[in-house]
Every structure is written in structure tokens, then in C-alpha cells.
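For reference, the chains in residue letters:
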Amino acid sequence: MSLKINDFYRAAIECGIDADPRGRETVENELKNIQKEYDRLDNKKKEYFDKDTLFNPYADTRILNIAEDKEIKKILCGIDMQTSELLLADRLNEKNYNIDLIITHHPNGYGFVNFYDVIYMQADKNALHNVPINVAESLTNKRLNEVSRSVYSANHYRDVDCARLLKLNYMCMHTVADNFVETFLTENIKKEKPNTLSDIISFLYTIEEYKISAKRFNPPKIFNGSNKSKVGKFIVDMTGGASFDSAMIEALARSGVSTIIVMNISDKLLDECKKYYINVVCAGHMSSDSLGINLLFKAIKEKTKENFEIIPASGYIFVER
């Protein structure tokens with residue numbers, strides 16, 4: 001059996017759902033509601049409906065261009081694969097690299113136009129951390145609307161047009177990979193039962209992606225608190241499209257959260273954490289993204305029973321798992 005682009009795409013979605021911190025049942029109920037919404041539309045409105053949403057709950061994971069629907073044997077993957085990296089792919093193919101698919105982690109094209117839709121999953125996530133659902137939904141909707149306005153005027157199809165002109169297969173995988181890193185870290189840190197923040201840092205240093213990043217002078221760091229600070233109730237926040245609304249910090253503090261483990265954090269959110277005495281461990285952005293991608297690739301290979309070669313680029317730390 002050969003692995004074509006749509007097969008790969010569908011497998012990535014299924015694996016992403018498997019790793020979703022909300023649980024498969026919640027995601028499948030969401031998909032059922034979208035199907036009902038679609039069924040109520042007239043034919044004119046159905047013409048403009050994103051039909052991928054009927055099976056794909058992640059707006060930031062999409063096939064962006066299919067130039068040739070061929071078997072996927074070699075993938076060029078990076079954190080941000082834009083026009084310069086697409087030109088690199090074309091140059092590598094001139095050198096007989098025979099790249100079948102380019103994958104960007106951060107969304108692009110029509111995977112970026114509505115990427116903010118995935119932010120809504122934060123409401124369910126934070127409700128699992130005992131934030132009242134009405135509070136979680138209100139703050140998440142506020143953040144979603146804010147982000148949607150900020151990206152509305154972007155040149156969404158610039159890089160997709162480049163892929164089309166260069167006749168390159170191109171897709172993005174964002175939340176499907178971020179789900180893996182959040183779930184992996186949450187489960188494994190719970191097993192470690194860390195007492196202090198230094199215990200969390202020590203655990204992160206056992207993971208190859210973070211070790212490599214540390215050797216590149218970008219190690220996991222404590223942004224609020226100290227090595228001796230007690231962990232208490234912790235959450236890992238690394239999926240859901242974008243950072244949450246700053247007021248969510250107060251809501252999490254009220255729910256008893258003492259420590260947040262993130263891949264990055266804005267000064268505004270960090271100030272809120274300091275205000276409510278929440279410890280912040282920043283694991284690292286590129287390293288955390290890379291861990292999620294590596295875990296996703298492993299899951300896709302296991303699900304499809306197919307193998308493919310990965311060529312890492314654009315800050316992606318490839319580790320065979």
C-alpha cells in the first residue's frame with residue numbers, strides 16, 4: 001500500500017484526535033455538531049462551507065497544494081516553511097533530493113486564514129482544570145475574536161502561490177502536533193511527581209529535543225518562581241492555536257493552579273502570572289514544537305504501517321522516535 005498525500009493528511013488528523021487533551025469523545029461530538037450545522041445549510045451556503053471541518057477539527061492543519069498526487073517517501077519539514085524554504089526545496093530537488101512533500105508546522109494558506117478556530121478548544125481544556133465552563137468560554141471567545149481580527153488582513157496565500165508555481169506538494173500540521181507535546185508532557189510529568197520547579201527542569205533535560213536545544217543555548221527556563229518553588233497543581237499549556245486571554249490566569253489561579261509549563265509566553269501573560277503568584281516554566285518553543293512533530297510522525301508511521309524519510313529544516317529538531 002502506498003501512502004498518498006490525502007492518506008497522510010487523514011492519518012495526521014486521526015493521530016491528532018487520539019492525542020487531543022480533551023479526549024476523543026469531546027472531539028467527535030464537536031464534529032457531529034458541525035455535520036448538523038452543514039446539513040441545515042442551503043446549497044448556496046454549502047458552496048462556501050469548509051468541508052474539511054466535517055472530519056478535521058483543526059483549522060490549522062490542511063493540505064495547501066497538491067502538484068502531483070504521488071507516494072510520500074521523502075518529506076522536507078520545518079517549523080516555518082515559507083517562500084524561502086520552498087525555494088530551498090526546489091533547489092534540493094535540482095540536486096536530486098526527490099522531495100515528495102513539504103510540511104510547515106506553523107499554519108499557512110487556508111490553514112492560516114481561520115486557524116484561530118482551534119482556540120475554542122481552550123475552553124474545554126481549561127474547564128478540565130476546574131475553570132467554570134461559562135468563564136472559560138467567555139474568555140476563550142474574547143481571545144478568539146481578538147486573534148481573528150489580527151490575522152484578517154494577512155497575505156495568507158503568498159507562500160501557497162509559491163508552492164503552486166514551483167509545482168510542490170505543500171501542507172501544514174499545527175494543532176495535530178501540539179496536541180502530542182501537551183499530552184506527552186502532562187502524562188510524563190505526572191508520573192515524575194515533581195516536588196519543585198527544578199524537578200521539572202531536570203525531567204525536561206531527559207528529553208532529547210530539549211537537550212539539543214540546550215546545547216544550542218536555548219534551554220528550558222524558569223520565568224517565574226525559583227528552583228526551590230513547589231510545583232503544586234500544574235498544567236501544561238502547549239496546544240490550542242495561540243496563548244489564552246490574560247484574564248484566564250486569574251481564573252486558573254482561582255481553580256488552584258500553581259504552575260504553568262509553556263513553550264513560550266508574552267510579557268503580558270507573564271505579568272499576570274506574577275500578579276497571581278503562578279510559577280512559569282518555559283520549556284522552549286522550537287524544542288517543544290519539534291517534540292510534538294516527532295511524536296506525530298511516529299504515530300503516523302504506526303497507524304499507516306508506512307515508512308518515510310524526514311529531512312529537517314527551518315529550526316525543526318528531528319529526533320527519530
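Everything below is about the structure shown above.
Criteria and thresholds
Residues numbered from 1 in each chain as written. Predicted model: local features only at pLDDT ≥ 70, side-chain atom pairs only at ≥ 80, totals over all residues. Heavy atoms only, no water. Pairing = 2+ DSSP bridges. Helix = DSSP H or I, 4+ residues; strand = E, 2+ residues; numbered from the N terminus. Axes fitted to C-alpha atoms, helices over the stretch in contact; angles between N-to-C directions. Contact = heavy atoms within 4.5 Å. 1 Å grid on protein atoms, 1.4 Å probe; cavity = no way out; pocket = protein on both sides within 12 Å on 5 of 7 lines; lining within 4 Å. Points joined across faces, edges and corners; volume = space filled by probe spheres on them. Nonpolar A, V, L, I, M, F, W, Y, C, P; charged D, E, K, R; others polar.

**Student:** Hey, could you run me through the sheet that holds strand β5 (residues 221–224) in this one?
**Tutor:** Whenever strands of a sheet pair, they do so through backbone hydrogen bonds, lying parallel or antiparallel. Within the open sheet, the four strands sit side by side as β5-β8-β7-β6. Their pairing is mixed. Pairing within the sheet leaves two strands with one partner each, and these edge strands are β5 and β6 (233–237). Ignoring which end each strand starts from, the neighbouring axes of this sheet average 25 degrees apart. Sheet topology note: the β5/strand β8 (residues 279–282) ladder contains three bridges and is antiparallel. Among the inter-strand pairings, Ile222 is bridged to a residue of β8, identified as Val281. Along the sheet, helix α9 (residues 175–192) contacts β6 and β7 (257–262); its crossing angle with β6, the most-contacted strand, is approximately 160 degrees.

**Student:** I tried to follow the layout of surface pockets on my own but got confused; where do I start?
**Tutor:** Where empty space is left in the structure can be found by rolling a water-sized probe over the atoms. Estimates place the volume of the largest pocket at around 540 Å³. Of all the secondary structure elements, the ones that give two or more residues to the lining of the largest pocket are α2 (24–39) and α5 (110–113). Broken down by element, the residue count for the lining of the largest pocket peaks at four residues, all from α2. Split by residue class, the lining of the largest pocket holds 12 nonpolar, four polar and six charged. Taken as a whole, the second largest pocket spans an internal volume of roughly 400 Å³. The wall of the second largest pocket is formed by 22 residues, among which Gly241, Ala242, Ser243, Met263 and Asn264 lie closest to the centre. For the lining of the second largest pocket, the secondary structure elements donating two or more residues are β7 and α14 (285–304).

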